[in-house]
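# Summary of structural features
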Amino acid sequence: MASSPDHNHTLNGDSNTHASKKPKLSFITPSEIAAEFSHHDPTVARINNGSFGSCPDSVLQAQRRWQLKYLSQPDHFYFNHLQAGILHSRTLIRDLINADHVDEVSIVDNATTAAAIVLQQAAWGFSESKFEQGDAVVMLHYAYGAVKKSIEAYVTRAGGHVIEVPLPFPLNSNDEIVTEFKKALEKGKANGRRVRLAVIDHITSMPCVVIPVKELVKICREEGVDQVFVDAAHSIGCTEVDMKDIGADYYTSNLHKWLFCPPSIAFLYCRKSPKGVELHHPVVSHEYGNGLAIESAWIGTRDYSPQLVVPAVLDFVNRFEGGIEGIKKRNHETVVEMGQMLAKAWGTHLGCPPEMCASMVMIGLPACLGISSEKDTLKLRTHLREKFAVEVPIYFRPPKNGEVESLTGYCRISHQVYNKVDDYYKFRDAINQLVSDGFTCALLSN
Amino acid sequence: MACRIIMFYRYYVAHLRLCHQNIQILKPKLSFRISRASSYHYYHNLNPTDTQTNFPIKPKLSSFITDSEIEAEFSHHDPGVARINNGSFGCSPAFVISELQQWQLKWLRQPDHFLFNELHKGILKSRNTVKELINAEDVDEISIVDNATTAVAIVLQQMQWAFFEGKFKKGDAVIILQCAYGAVKNSIKAYFLRAGGYVIEVPFQFPVNSSEEIISEFRMALVKEKASGRRVRLAMIDHVTSMPSVVLPVKKLVKVCREEGVDQVFIDGAHGVGCVDVDMQEIGADFYTSNLHKWFFCPASVAFLYCRKSVTHLELHHPMVSHDYGKGLAIESSWIGTRDYSPSLVVPSVVEFTNRFEGGIEGIKRRNHDAVVEMGKMLAKAWGTNLGSPPDMCASMIMVRLPACLGISSNDDALKLRTHLREQFGVEVPIYYQMPKHEEVATTTGYARISYQVYNKIDDYYKFRDAINQLVCDGFTCAQSLGKYGLPSS
């Protein structure tokens with residue numbers, strides 16, 4: 001056992017103090033990748049990176065080193081290491097997302113926490129009469145379930161009016177989204193109301209599509225929306241994340257989904273502005289009033305190690321050709337290829353054009369499987385996990401009036417660096433087996 | 001000499017009883033060495049049908065944990081440091097860390113399966129374990145949260161809504177003691193004050209002579225507010241204060257609250273479980289929170305918030321709202337988005353650990369108390385000073401006055417001295433600056449808060465004793481010897 005805190009090369013004099021790609025002569029090899037993810041259950045076709053992400057062994061090692069440092073002498077860690085480590089992570093994130101100032105970057109547990117922070121501030125807005133009862137908050141119909149609850153808990157409860165932007169699915173183009181969004185803003189402004197906040201997903205969860213956030217932010221500015229919050233839970237490591245380009249007031253993304261961090265870590269970006277609305281972390285501790293970034297860096301005793309491994313993560317991604325950009329590009333191309341392979345094999349179609357996907361894609365499931373409710377999707381997902389060792393989330397798409405022969409079930413496949421083509425063949429064959437067996441969801445007991 | 005006899009009994013008699021028997025020694029798995037990926041495939045006996053579902057203390061006749069086993073369990077502690085500050089960040093033995101890592105690996109291996117099939121069962125098991133530990137009536141009363149800081153935010157956020165929704169009037173009050181924890185005071189400012197409430201701060205005298213002085217100050221403050229017609233919505237009372245540290249007579253204070261018409265009582269027992277007796281029926285509060293990572297050997301971090309069912313159960317919510325919003329705090333708290341829930345899952349394993357000690361957690365508490373009082377008296381005698389409170393108002397921490405000649409004259413000095421002790425002497429101990437009362441002539445200004453936990457040794461306290469004696473002998477003062485930045489002057 002180490003009798004003194006291990007000296008960790010990633011703690012000081014780190015070679016990667018900024019996130020630019022360093023093309024290496026020797027990129028990581030497939031067997032090295034396999035070793036990095038050898039803790040994954042090898043029997044499972046793990047094609048659902050989107051839900052819980054993944055973390056390579058070398059980053060877990062870095063995390064263990066931080067944890068050991070803390071356990072060895074926690075007071076010393078608290079006084080001399082923690083704040084510097086968090087600031088280092090925040091600085092690297094600032095560079096990754098093209099923010100102006102490290103003050104704009106706070107590290108929090110996850111996008112759920114970030115949403116609570118932004119929405120709690122909206123609740124104060126209503127209760128302190130900055131906002132009027134009935135002022136609106138706009139969100140997408142496909143907003144993540146937990147975020148919808150958060151809006152209910154903070155906005156509806158405080159007297160705000162919530163407007164949902166209906167979106168079609170399957171989708172054919174960004175125009176469909178833009179049109180519906182504009183209509184919703186009009187509704188929000190009806191009867192002299194103000195739209196205080198727009199909550200926009202960057203990549204929706206289920207069904208999964210990439211939303212044209214830059215365009216929607218622009219529309220919000222044109223239509224006088226006070227603030228825009230982009231819920232980009234998936235985005236970093238998955239799609240383009242450029243704060244200055246997107247132009248939102250608040251932007252959050254999980255780093256444990258697509259950026260190889262251990263659970264859990266996310267950032268909340270808050271654009272510096274003269275309006276300067278003060279956000280607070282809901283868990284109030286000694287640093288209350290010192291700004292969200294500082295508040296978030298100490299919210300009582302806990303394990304902060306997931307927030308400290310960002311340097312190790314950048315070391316990891318830079319072992320790949322093209323760094324994180326290369327990973328994103330290859331993930332996108334492969335998941336589209338796999339999606340098209342599956343759609344062809346099953347005689348179905350993708351849920352949206354490839355350019356509206358990042359590293360996840362929705363594929364219609366054969367209608368004969370009889371997916372007729374959300375409950376069915378969960379049952380089918382469990383069945384696939386237990387009988388075929390395939391992990392993949394399923395989405396129920398209710399048929400609209402007058403629709404003939406529409407697909408009611410879609411799966412969402414992900415591709416991350418550890419995936420192999422066999423994972424998708426396994427899924428293809430599982431569905432083909434079910435079809436050929438005459439399986440329907442009605443056959444599955446509750 | 002007396003203390004040597006006590007030490008001998010505690011450490012050696014149990015050992016002597018064992019030395020002629022065949023002992024099944026449970027070797028702690030130090031599997032958190034840095035290892036290659038392949039070693040992650042090793043699974044400890046993590047057993048979902050674990051026998052430990054309840055835990056009346058089971059004294060094991062033949063195999064109490066030995067001295068060297070205890071050392072091995074804490075061998076990850078920096079051996080160069082006299083770690084006499086368990087109160088701040090707690091500790092966790094290798095066995096529990098190993099269990100923690102097994103849970104983490106389970107998640108990493110197949111997170112979807114873990115979420116759908118393991119997580120909620122595991123959290124429910126931990127909640128049931130806590131319910132037994134604290135003598136709560138119903139597991140629904142127990143929510144697992146990150147730490148006491150989070151528990152406080154949960155209760156106070158509910159109060160904020162009460163003001164906004166007209167249940168409370170502007171000017172309704174919360175009553176606290178002056179020695180309430182700094183973060184708690186901030187939380188009150190952030191939620192209660194901001195929403196229009198009023199704070200009553202009861203003066204707290206330190207050093208403390210008796211519980212009675214505290215109770216009478218408290219009652220006086222309540223009576224005064226009642227007379228002025230102010231409604232006191234909440235009393236927030238520490239079970240064991242942080243700095244300076246004393247055990248407050250919470251059962252009596254809760255009674256006073258009931259008698260004087262306080263709506264609800266929240267006991268902040270951050271140090272509670274594993275340190276003092278924590279019995280929900282005995283104490284009778286509406287809300288009680290305690291960290292399990294301070295004195296109950298859990299890793300950072302896990303705590304519980306107890307909410308008495310029998311009173312009008314105001315709706316509490318976790319501030320991080322997720323899918324389970326509206327299903328009750330306990331359910332909400334068990335999923336607040338993707339994160340590492342493994343600290344919440346090892347609570348049953350900790351009970352396994354404490355039951356290896358004679359008397360289980362009760363035995364540990366008792367011995368910690370006896371030892372810390374003994375060490376406190378030893379230090380006070382060596383320095384010619386005194387304790388900050390009577391021994392019966394201490395649990396496993398005690399305040400010992402430092403020699404006046406050290407010249408601790410501000411909070412800054414206290415922090416600088418603490419740093420100096422850490423860096424020059426390898427002693428980790430928090431220092432408290434007590435503003436002298438105006439009638440005092442001599443400056444009785446600095447106190448150390450020493451803790452005692454199972455890994456401590458008498459040498460830790462000798463090291464501290466000698467460090468202070470050295471400083472005194474060197475004519476050290478905070479002002480002259482530690483410059484502006486707390487660095488030793490040349």
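Parameters at a glance
Residues numbered from 1 in each chain as written. Chains lettered and ligands numbered in written order. Predicted model: local features only at pLDDT ≥ 70, side-chain atom pairs only at ≥ 80, totals over all residues. Heavy atoms only, no water. Helix = DSSP H or I, 4+ residues; strand = E, 2+ residues; numbered from the N terminus. Buried < 20%, exposed > 50% of the residue type's maximum accessible area, 1.4 Å probe, protein only. Contact = heavy atoms within 4.5 Å. Rg over C-alpha atoms; globule rule 2.2 N^0.38 Å. Areas by Shrake-Rupley, 256 points an atom, 1.4 Å probe, with all protein chains shown as cover. Domains from an automatic or database assignment. Buried area = accessible area lost by both parts, 1.4 Å probe. Expected span 1.5 Å × (residues − 1). pLDDT = per-residue confidence, 0-100. Axes fitted to C-alpha atoms, helices over the stretch in contact; angles between N-to-C directions. Parallel < 35°, antiparallel > 145°, perpendicular 65-115°, else oblique. Left-handed = near helix turned anticlockwise from the far one by under 90°. Nonpolar A, V, L, I, M, F, W, Y, C, P; charged D, E, K, R; others polar. UniProt positions renumbered as here; feature names shortened; annotations may be inferred. Pairing = 2+ DSSP bridges. Salt bridge = Lys/Arg side-chain N within 4 Å of Asp/Glu carboxyl O. Polar contact = N/O pair within 3.5 Å; in protein donor to acceptor, adjacent residues only side chain to side chain. Phe/Tyr/Trp six-rings, centres within 6.5 Å; stacked < 30°, edge-to-face > 60°. Lys NZ or Arg CZ within 6 Å of the ring centre and 35° of its normal.

You'll find chain A entered in an unreviewed UniProt entry as Putative isopenicillin-N epimerase, with Rosa chinensis given as the organism.

### A word on the overall build of chain B
Across its full length, chain B carries 17 helices and 12 strands. Within chain B, buried positions represent 62% of all 490 residues. Residue pairs in contact within chain B that sit at least 24 positions apart in sequence constitute 70% of those at least 6 positions apart.

### A closer look at the overall build of chain A
A count of helices and strands for chain A gives 17 helices and 12 strands. Compactness check: chain A gives a C-alpha radius of gyration of 23 Å against a globular reference of 22 Å for 446 residues, within 12% of the reference. With the C-alpha coordinates aligned to their principal axes, the bounding extent of chain A is approximately 65 × 60 × 40 Å. In chain A, which comprises 446 residues, the share counted as buried stands at 62%. The contacts in chain A between residues at least 6 apart in sequence include a share of 69% that link residues at least 24 apart. A total accessible area of about 16300 Å² is found for chain A, and carbon and sulfur atoms account for 52% of it.

### Some points on the domain arrangement of chain A
All names here are of chain A. Split into domains, chain A comes out as domain 1 (74–312) and domain 2 (323–443). Inter-centroid distance (C-alpha atoms) of domain 1 to domain 2 is 29 Å. For the pair domain 1 and domain 2, the two sides together bury roughly 2100 Å², of which 67% comes from carbon and sulfur. When the buried area of domain 1 at its contact with domain 2 is split by residue, F169, M206 and W258 rank highest and sum to 32% of it.

### Quick notes on helix α6 (residues 148–164) of chain B
Given a rise of 1.5 Å per residue, 17 residues ought to cover 24 Å, and the 25 Å separating the end C-alpha atoms of α6(B) matches this to within 8%. Backbone geometry just after α6(B) places G166(B) at a positive phi near 80°.

### Some details on the confidence of the model for chain B
Reading predicted coordinates in detail is not appropriate for stretches of low pLDDT. All names here are of chain B. In this model, chain B carries an average pLDDT of 88, and 83% of its residues clear a pLDDT of 70 or more. Scored below 50 in pLDDT, residues 11–55 shows 93 contacts in the model against residues more than four places distant or in partner chains. Among the prediction metrics, the complex's ipTM stands at 0.93, with pTM recorded as 0.90.

### Observations regarding the packing of helix α6 (residues 111–127) of chain A against helix α7 (residues 145–158) of chain A
Helix packing geometry: the angle between the two helix axes and the distance between the axes. All names here are of chain A. Across the interface, α6 lies against α7 with an axial gap of 8 Å and an inter-helix angle of 15°. It follows that α6 is roughly parallel to α7 by the angle criterion. Crossing of α6 against α7: the hand is right-handed. For the pair formed by α6 and α7, the contact residues are A115, A116, L119, Q120, A122, A123 and F126 on the first element and V147, S150, I151, Y154, V155 and A158 on the second. In terms of residue class, the contact of α6 with α7 is built from 11 nonpolar, two polar and no charged.

### A few points about the UniProt feature "domain: Aminotransferase class V" (unreviewed entry) in chain A
Mapped onto the present numbering, the UniProt feature "domain: Aminotransferase class V" (unreviewed entry) falls at residues 56–275 of chain A. Secondary structure content for residues 56–275 of chain A is 47% helix and 16% strand, while the C-alpha to C-alpha distance between its ends is 41 Å.

### Some details on the sheet that holds strand β12 (residues 446–451) of chain B
Residue and element names in this part refer to chain B. Judged by pairing direction, the sheet is antiparallel, and its three strands sit side by side in the order β9-β12-β11 without closing on themselves. The open sheet terminates on both sides in strands that have one partner only, identified here as β9 (397–401) and β11 (431–433). On average, each strand axis in the sheet is tilted by 30° relative to the strand beside it, whichever way the strands run. Looking at chain direction, β11 and β12 are connected through three bridges and run antiparallel. In the strand pairing of β12, Y433 is matched with G446.

### Looking at the interface of chain A and chain B
Residue-level contacts link 78 residues of chain A with 74 residues of chain B. Each partner contributes to the roughly 6900 Å² buried at the junction of chain A and chain B, and carbon and sulfur atoms together form 56% of this total. Here chain A and chain B share seven salt bridges between them. Seen at the junction of chain A and chain B, the total is 30 residue pairs in polar contact (both at pLDDT 80 or more).

### Here's the deal with the packing of aromatic side chains
Using the criterion set out here, one finds 37 aromatic pairs over all chains in the structure. Judged by centre distance (6.5 Å) and plane angle (85°), the ring pair of F52(A) and W335(B) falls under edge-to-face. Of the two residues, F52(A) is situated in helix α2 (residues 49–52) and W335(B) in the loop between α11 (329–333) and α12 (342–345); the pairing between them involves two chains. As far as the burial class goes, F52(A) and W335(B) line up, both buried. Aromatic side chains Y78(A) and F89(B) sit 5.7 Å apart centroid to centroid with 45° between the ring planes, which places their arrangement in the tilted category. Taken as a pair, Y78(A) in helix α4 (residues 74–80) and F89(B) in helix α3 (residues 86–89) lie in two separate chains rather than in one. Here a set of aromatic residues connected by ring pairs shows up, and it is made of W66(A), Y70(A), F77(A), Y78(A), F79(A), W298(A), Y304(A) and F89(B). The cationic tip of R302(A) hangs over the ring face of Y304(A); the distance from NZ or CZ to the ring centre is 5.6 Å. We note R339(B) situated over the ring of Y341(B); from NZ or CZ to the ring centre the distance is 5.6 Å.

### Regarding the sheet that holds strand β4 (residues 198–202) of chain B
Residue and element names in this part refer to chain B. Taken in spatial order, the seven strands make up an open sheet running β2-β8-β7-β6-β5-β3-β4, and their pairing is mixed. Of all the strands in the sheet, just β2 (142–145) and β4 have a single pairing partner and so form its edges. In this sheet, adjacent strand axes meet at a mean angle of 20° when their direction is disregarded. Direction of pairing for β2 relative to strand β8 (residues 303–307): antiparallel, over a ladder of four bridges.

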